[in-house]
Amino acid sequence: MSVIEAAGARVLAGHTGAVNSVAFSPDGARLSTASEDKTARVWSAATGELLHTLSGHTDAVFAAPFSPDGTRLATVSADLTPRLWDARTGACTHELTGHTVAVFGVAFSPDGRILATTSYDETVRLWNTSAGSSIHVLQGHRDIVYGAVFSPDGKVLATASGDGTTRIWNTSTGECLRVLTGHTGIVSAVAFSPDGRLLATASFDATARLWEVATGNCLRILNGHSDTVWSIAFSPTERVVAAASEDATARTWDAVTGTPIRTLEGHTDSAFVAAFSPDGRLIATASSDTTVRLWDAATGKSVRILEGHAGAVSSLAFSPADRQLATASTDETARVWPL
């Protein structure tokens, strides 16, 4: 394991498989990575020092987010069993059993009391994070459930599925409130607007859509991409959505009118992720061309190209204070870039 300063970035080396995801703790002091090598790791964001190796999974680990208060981590794996960990000690506190196929998606509720996990077994499960016990099994999707996101108030959960639908669930009762239909391909990602009134979805059908959460009505179809849309995100400061696509571009639209704003061009291969900085001024995009690009959100101009990874970049995360960007790659490393 080593920490290397290269090309302006701190390289976090030690994983022996592709790094699938990266996430900052809420205070920005720590960084988690999840890997194909069956482990997750916790690092100091300031120094790159390895703090904990989370061992115990018997197959690839897909994600390892921190709880909103930073005291826990959750991991999901192809070994069917999500786990909860003490973020301070690295000890596993709970193994969550019940899924019957690989568990791919994970999300904490805003208050940290509930964990949602999504699986290839076509279900979503809600867990009590303190007790490690099952609360609800959400059934209804007819294909893999790729991801889940809680509304800002935590009262509802939205899920994205290979069956081409998005579902909205009551987190207290487990009831399916609405089924959002219209996409003609897999729904790859979902995101709530900061006020919780809108939901954005991304799809393999080369479109994104905007929905009214209260009614389930489709308000806008966001066209322009020519291939799979992998990710979708709302600006934290204004009504703008950004998407990243297999067509090697990212695009932004006005979330009220659906009018296209910018096309962010420069990547030479698939763009997997588009994310806004916490202040909304920057958009970062990650690509299989091994680079990350930073863009001025207001003008769409390229600000910086982050080069150094030797494999596809599949995940990225801004630190809460905007001063660092973390990236994860199939080259078995993560990098921390000063901004």
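Presented here is an overview of the structure given in this document.

What counts, and at which threshold
- Residues numbered from 1 in each chain as written.
- Predicted model: local features only at pLDDT ≥ 70, side-chain atom pairs only at ≥ 80, totals over all residues.
- Heavy atoms only, no water.
- Patch = residues over 30% accessible without salt bridge, like charges linked within 9 Å, V, L, I, M, F, W, Y side chains within 5 Å.
- Areas by Shrake-Rupley, 256 points an atom, 1.4 Å probe, with all protein chains shown as cover.
- Salt bridge = Lys/Arg side-chain N within 4 Å of Asp/Glu carboxyl O.
- Helix = DSSP H or I, 4+ residues; strand = E, 2+ residues; numbered from the N terminus.
- Buried < 20%, exposed > 50% of the residue type's maximum accessible area, 1.4 Å probe, protein only.
- Polar contact = N/O pair within 3.5 Å; in protein donor to acceptor, adjacent residues only side chain to side chain.
- Contact = heavy atoms within 4.5 Å.
- Pairing = 2+ DSSP bridges.
- Axes fitted to C-alpha atoms, helices over the stretch in contact; angles between N-to-C directions.
- Core = buried A, V, L, I, M, F, W, Y, C linked by side-chain atoms within 4.5 Å.
- Lys, Arg positive; Asp, Glu negative; His and termini not counted.
- Phe/Tyr/Trp six-rings, centres within 6.5 Å; stacked < 30°, edge-to-face > 60°.

1. Examining a nonpolar patch on the surface
Judged by side-chain polarity, Val101, Phe104 and Tyr120 come together as a nonpolar surface patch covering roughly 220 Å² of accessible area. You can see Tyr120 is positioned in the loop between strand 12 (114-119) and strand 13 (124-128). Residue Tyr120 is classed as partly exposed on the basis of its relative accessible area, which comes to 34%.

2. Focus: the side chain of Thr117
Mapped onto the fold, Thr117 is located in strand 12. Taking relative accessible area as the criterion, Thr117 reaches 0% and is therefore assigned buried. Within the structure, the side chain of Thr117 is placed 2.8 Å from the side chain of His99, a separation counted as a polar contact. Setting aside residues no more than four positions away along its own chain, Thr117 makes contact with Val76, Pro82, His99, Val103, Gly105, Val106, Thr123, Val124, Arg125 and Trp127.

3. A word on the sheet that holds strand 30 (residues 302-306)
Strand order in the open sheet formed by 4 strands is 27-28-29-30, with antiparallel pairing between adjacent strands. The strands lining the two open edges of the sheet, one partner per strand, are strand 27 (271-276) and strand 30. Between one strand and the next, the sheet's axes are offset by a mean angle of 20°, whatever the strand orientation. Sheet topology note: the strand 28 (residues 282-287)/strand 29 (residues 292-296) ladder contains 5 bridges and is antiparallel. By the bridge assignment, Thr285 is partnered in strand 29 with Arg293.

4. Focus on the nonpolar core
Across soluble globular proteins, you tend to see nonpolar side chains buried next to one another. Formed by 15 residues in total, the largest nonpolar core has its most connected members in Leu210, Leu222, Ile232, Phe234 and Val241. When contributions to this core are tallied by element, the ones reaching two or more residues are strand 19 (187-192), strand 20 (198-203), strand 21 (208-212), strand 23 (229-234) and strand 24 (240-245). Setting aside residues up to four positions removed in sequence, Val241 forms contacts with Leu210, Leu222, Ala233, Phe234, Arg251, Thr252, Trp253, Ala255 and Phe276. In terms of nonpolar packing, the next biggest core, distinct from the first, is built from 13 residues, Ala275, Ala284, Leu316 and Trp337 among them.

5. So, the pattern of salt bridges
Under the defined criterion, the tally for this structure stands at 4 salt bridges. Ionic pairing is found between Arg239 and Asp195, a salt bridge with its closest N-O pair at 2.7 Å. Linking Arg239 in the loop between strand 23 and strand 24 with Asp195 in the loop between strand 19 and strand 20, this pair joins segments that are 44 residues apart in sequence. Residue class for Arg239 comes out partly exposed when judged on its relative accessible area of 33%. Note that Arg281 and Asp279 form a salt bridge whose closest N and O atoms lie 3.9 Å from each other. With a relative accessible area of 62%, Arg281 lands in the exposed category.

6. What about the pairing of strand 4 (residues 30-35)?
By the criterion of burial, strand 4 is predominantly enclosed, with 6 of the 6 residues buried. Alternating positions in strand 4 separate into two faces, Arg30, Ser32 and Ala34 on one and Leu31, Thr33 and Ser35 on the other, with burial throughout. In this sheet, strand 4 lies alongside strand 3 (residues 19-24) in antiparallel orientation, the contact comprising 5 bridges. Directly across from Val19, in strand 4, lies its bridge partner Ser35. Pairing of strand 4 with strand 5 (residues 40-44) involves 5 bridges; the strand directions are antiparallel. Pairing of Arg30 across the sheet is with Ser44, part of strand 5.

7. Looking at the sheet that holds strand 21
Ordered by their spatial adjacency, 4 strands build an open sheet running 19-20-21-22, and the pairing between neighbours is antiparallel. Both edges of this open sheet fall to strand 19 and strand 22 (218-222), since each of them pairs with a single strand only. The sheet shows a mean angle of 20° between the axes of neighbouring strands, taken without regard to direction.

8. Points about the side chain of Asp79
Secondary-structure assignment places Asp79 in the loop between strand 8 (72-77) and strand 9 (83-86). Of the buried charged residues, Asp79 lacks a salt bridge, with Arg83 as the closest side chain of opposite charge at 5.0 Å. At 2.9 Å, the side chain of Asp79 and the side chain of His57 are in polar contact.

9. Concerning the packing of aromatic side chains
Applying the stated criterion across every chain yields a total of 5 aromatic pairs. Ring plane angle 55° and centroid distance 6.2 Å describe the contact between Phe104 and Tyr120, whose orientation is recorded as tilted. One end of the pair, Phe104, is in strand 11 (residues 103-108); the other, Tyr120, is in the loop between strand 12 and strand 13, and 16 residues separate them in sequence. By relative accessible area, Phe104 is classed as partly exposed at 31%. Measuring from ring centre to ring centre gives 6.1 Å for Trp230 and Phe272, while their planes differ by 70°; the resulting arrangement is edge-to-face. One end of the pair, Trp230, is in strand 23; the other, Phe272, is in strand 27, with 42 residues separating them in the sequence. With relative accessibility at 30%, the residue Trp230 sits in the partly exposed group. On the basis of relative accessible area, Phe272 is assigned to the partly exposed category, the value being 24%. An aromatic cluster of at least three residues, connected via ring pairs, comprises Phe62, Phe104, Tyr120 and Tyr146.

Interpretation note: all reported values are geometric properties and have no functional meaning in isolation.
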